[in-house]
Every structure is written in structure tokens, then in C-alpha cells.
Amino acid sequence: MPKSTLLYKLLISCPSDIENEINIIKNAVENFNKTLGDAINIKIETLYWKDDVIPQMGEDGQSIITNQIVKEADAVIAIFGEKLGSPTPRYESGTIEEIEEMLKEEKQVFLYFSNKPIDRKIRDSEEFDKIEKFKEKYGSKGIYAEYKDDDDFKEKVNMYIFKYFANMDKYNNITSNAKKLTIKSYNNGLLKDTLEYHEMINNSHFMIDNEKEKIIKLIEEIKSINLGRAYHINNGLVRSLDYIENYNLVQYFALQNNIDIDINNFFNLGNYNPNTNYFGEEWRNIHTGQTEILYLNFENEEKKYKLINKLISHIDFYNKIKESIEYLSNIKCLSLAVVNENGQYDENIEVCIKVPKEHFINKDYFNNDKDLDEINEIIFENIFKCKKTLENIIINCYDNQTNIKDDSIETINQFYDKYGIDINGATINIMFEIKKLNSDSGIWFPSVLFFDKEIEEITYFITSKNSGKIEGIIKKESQQ
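Residues numbered from 1 in each chain as written. Predicted model: local features only at pLDDT ≥ 70, side-chain atom pairs only at ≥ 80, totals over all residues. Heavy atoms only, no water.

Student: Hey, could you run me through the overall build of the protein in this one?
Tutor: The number of helices and strands found in the protein is 12 helices and 23 strands. The buried share among the 480 residues of the protein stands at 43%. By sequence separation, contacts in the protein at least 24 residues apart represent 78% of the contacts at least 6 residues apart. (Helix = DSSP H or I, 4+ residues; strand = E, 2+ residues; numbered from the N terminus. Buried < 20%, exposed > 50% of the residue type's maximum accessible area, 1.4 Å probe, protein only. Contact = heavy atoms within 4.5 Å.)

Take a look at the structure:
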């Protein structure tokens with residue numbers, strides 16, 4: 001029966017004075033492949049610049065090596081003897097640059113220093129000092145070992161290769177093909193292998209009720225300010241209504257929520273006119289015959305007027321978020337993540353999902369006629385700012401762009417623009433790339449995806465450097 005085998009590429013990196021160790025590593029790899037590797041369906045392939053780099057024009061030599069084999073490697077064995085190596089435009093030596101490139105990508109580094117006897121008369125003291133400083137730097141990271149001769153190196157290399165790559169079997173069940181790059185969906189704190197839809201705005205009812213409660217408290221506070229009988233009535237309505245814009249919002253809110261309001265008493269401001277500057281009025285004292293200045297006190301009237309304006313502002317905000325949430329309430333959302341269950345680091349990952357065109361909501365659906373800005377921050381927090389840790393799996397954001405934009409349209413556009421979207425008849429292909437993905441971790445899609453109804457299944461295709469091509473289907477639970 002055919003079986004699947006995991007291929008790991010092991011880079012050999014060393015200055016020109018290292019010779020015997022290269023063959024020792026190659027023999028250790030061959031031994032592993034023929035014994036334990038064959039048993040657990042793992043194969044190691046060595047990469048060495050003299051064997052695997054093709055002559056190329058246009059870049060410095062080390063960049064060519066990096067692009068051709070270093071980026072392809074899953075792990076590196078680096079060895080230093082008497083020389084640090086030739087400098088590159090970026091580092092003290094090519095081997096150091098290769099080590100740093102591997103560390104940047106969070107790949108495995110095996111670092112060895114030779115303690116073989118050398119003729120101190122011909123030893124380059126400057127090179128020796130460089131190696132000692134380099135050893136001191138990496139000693140703090142705990143990633144190197146020393147060896148005294150070829151036999152000692154052979155023993156250490158065999159042990160570490162067998163130990164490291166044999167442990168991969170704990171994370172992979174290759175014969176069953178059960179673990180791979182896959183797509184999962186999120187809802188209610190869980191990642192699942194089924195399509196799990198959720199509301200665009202979580203806890204929307206709580207948010208609306210909270211705003212309503214604030215409004216009702218303001219209404220009661222305004223009612224408690226009793227300014228007595230309303231004397232100025234025009235056509236049956238208190239004159240103060242001439243000074244209050246959008247007072248009808250209060251009437252409509254009260255009617256919708258069965259709140260009893262006596263309009264003339266509620267909006268009564270007595271003799272206070274907010275459009276008048278009260279600096280005092282002259283009046284003649286009939287007892288003294290002298291003219292005096294009377295300063296009128298409208299403290300309660302001013303307080304009531306300010307509270308009424310605050311109330312109208314709250315109702316206006318309440319109406320906008322309620323309208324926006326009702327507009328969004330029929331949208332079905334999918335929070336999807338690519339998860340690496342393959343047991344090994346992977347990179348150069350291309351993701352494509354196929355969805356029905358008629359039910360996919362593109363960014364054009366959210367246009368400027370829809371005033372969503374009042375809930376822009378809520379949209380961002382609930383939809384685009386995904387949790388990082390779920391079920392002990394680290395799920396990273398697609399990139400570091402997490403700043404909220406000025407309005408909802410821009411917020412949605414900035415995430416949707418990260419997709420490549422291709423219309424193919426009745427189907428839409430949604431595509432994006434992932435540079436790298438560590439084992440037992442995942443990456444969110446660039447954004448939540450929107451649909452006008454819950455679709456039953458999504459076909460996906462994933463290609464990557466280490467996993468090849470994967471085709472899968474994620475379905476609603478009822479369809480499993």
C-alpha cells in the first residue's frame with residue numbers, strides 16, 4: 001500500500017576549514033533514513049552549498065546561497081573550527097548569516113564548535129578571538145555543543161539527529177494522513193472542523209438595552225425637575241419647544257417604549273430662553289425710588305435644558321446603532337483559520353476557498369449610504385480583532401495591521417483588500433498567502449467573511465512547501 005513520507009531538509013553550514021564533519025553528517029542522515037526514518041515515514045535530505053547551489057548572476061554570493069538552499073531548509077547543522085568564515089554584506093561570515101536566517105524563521109539550529117588539537121604556532125589569534133566571542137554570544141542561548149575529535153562529533157550528531165527527528169513521530173501520524181494543514185471555523189470560544197456561523201455584532205441586544213437604560217434614567221431625572229406651571233403656551237404647546245431642536249425624538253422614543261410624558265410639563269423651561277444672555281435687568285425700587293439691577297437665577301432651568309439636549313443626543317445615538325445593528329443582523333459571519341497540524345514548520349502557503357457568488361457579501365455591500373460609523377469600534381473589536389489563543393493553539397493575526405480606521409467602510413475595506421478575489425461563473429475564489437506557519441499553530445484569515453445565508457459547505461485548496469497540495473471540504477455540522 002502506498003504511504004506518505006514527511007521530507008525534512010537539513011542544511012550543512014560551515015567555513016572552508018571544516019571537511020570531515022560534512023561526510024559524518026551525510027552518513028548520519030543516511031543511517032537515519034534507512035533505519036528509524038523508514039519506520040516512521042520520515043526522510044531527511046541534506047543541503048550543502050557545494051552540492052546544491054546553482055551559479056547565478058545578480059546578487060552577492062551569500063544571498064544566492066540563502067535564496068536557493070537556506071530558505072528551503074527546515075533545520076541547520078553549523079560547525080566552526082579554526083575559522084569564522086568570509087564576511088558578507090550583512091554579517092561577519094556566511095555561516096553566521098545562515099544561522100541568523102534560520103533563527104529568524106524559528107527553525108531548528110544545531111551548532112557545534114571543534115575542540116580538536118591545533119598547532120598554536122600557526123593558529124590565527126584574531127580568528128580565534130572572533131570565534132570565542134561568537135561562542136560566548138550563542139552560549140547564552142544554549143544552542144551549541146563542543147566536540148574533541150571526529151568520533152566525538154559522529155556520536156553527538158547521530159544522537160541529536162535521531163533524537164530530534166524521531167520526536168517528530170509524536171506529532172505526526174503519517175500513515176493515517178490524519179494531520180495536515182487544514183481550515184477550521186470559530187464560534188463561541190471554540191475552533192471546529194465544521195462551519196460555525198456567528199452574528200456580526202456579538203451581544204448586540206445587551207448593547208442596545210444598555211443605551212436604552214441610560215435614556216430612561218435621563219428621562220426620569222428631567223421629570224424630577226419641576227418648574228411649576230407652564231405659562232407660555234402657543235397653539236397648545238409650551239413655548240420652550242421653540243428653543244429645542246429634534247424634541248420629537250423624545251416623543252417618538254417615549255411612544256415606542258410606552259413611557260408616559262406630559263410634553264408641556266417635560267419641556268417647560270419657565271421664563272428661561274437659552275438664546276438670551278442674562279446679564280441683569282434694570283428695575284425701579286418703588287420704596288426708594290432708585291434704579292437697581294436685578295440678576296435673574298435660572299439654575300434649574302439651565303440644568304433641565306442641558307439634560308434635555310443630552311437626552312436628545314443619547315436618543316439620536318441609540319437610533320443610529322439600533323438601525324445599524326438591524327441592518328447587519330441578517331449577515332452570517334465566518335471566522336476561519338488555517339491550522340498547521342502537520343507536526344512540522346511550513347512555509348510558502350497558498351490558500352484558496354470556493355464559495356457561491358450569490359451568497360457571498362463583498363466589501364461593496366457596505367457603502368456610504370449605510371451609516372455604520374457609530375458602531376465602527378464595536379465592529380472592529382467583535383469581528384476583526386480575533387483571539388490569539390484557543391484550545392492551547394496559538395492563532396496569530398494575518399499581519400500586524402490592527403489599527404481601527406476612521407470609519408466602518410475603511411475598516412472593512414482594509415481587511416478585504418488583503419484577499420485576491422476571482423469570479424469564476426457562479427463561484428468566487430477567495431485567495432491569500434501565508435509566509436510561514438509553525439507546527440501546532442494557526443493564522444486567522446485576513447478578515448471575517450460575510451454571507452447573506454448560511455452556506456452548507458466550502459471547498460478549499462492549500463499548497464505549501466512541505467505539505468504539497470491539500471484539498472478539503474468543511475461543512476456545517478448537520479451535513480457531516
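Student: Honestly, the pairing of strand β13 (residues 332-340) in this entry has me stumped. Any pointers?
Tutor: Regular strands show a simple pattern: their side chains alternate between the two faces of the sheet. With respect to burial, β13 is a largely interior element, eight of its nine residues being buried. Sheet topology note: the strand β6 (residues 181-187)/β13 ladder contains six bridges and is antiparallel. Bridging from a neighbouring strand, Ser 185 pairs with Leu 336 of β13. Examined bridge by bridge, strand β8 (residues 197-199) and β13 share three bridges and lie antiparallel to one another. From the neighbouring strand, Glu 199 faces β13, where its bridge partner is Lys 332. Here β13 pairs with strand β21 (residues 449-451) via three bridges, running antiparallel. Bridged to Cys 333 within β21 is Phe 450. Alignment of β13 against strand β20 (residues 441-444), held across four bridges, turns out to be antiparallel. If you follow Ala 337 over to β20, its bridge partner there is Trp 444. (Pairing = 2+ DSSP bridges.)

Student: It is not clear to me how the nonpolar core should be interpreted in this structure. Could you clarify?
Tutor: Among soluble globular proteins, nonpolar side chains are generally buried collectively. Of all hydrophobic cores here, the largest spans 41 residues; its most connected members are Ile 353, Phe 366, Phe 445, Leu 449 and Phe 450. The next biggest cluster of nonpolar side chains, apart from the first, holds 30 residues, and it includes Ile 225, Phe 253, Ile 259 and Ile 321. (Core = buried A, V, L, I, M, F, W, Y, C linked by side-chain atoms within 4.5 Å.)

Student: Help me out: how do you make sense of the environment of Glu 350 in this one?
Tutor: Its place among the elements puts Glu 350 in strand β14 (residues 346-356). For Glu 350, a relative accessible area of 43% gives the class partly exposed. Along the primary structure Glu 350 and Thr 463 are separated by 113 residues, whereas in three dimensions their C-alpha atoms are 5.3 Å apart. In contact with Glu 350, not counting residues within four places along its chain, are Phe 432, Glu 433, Phe 461, Ile 462 and Thr 463.

Purely geometric numbers; function is a separate question.
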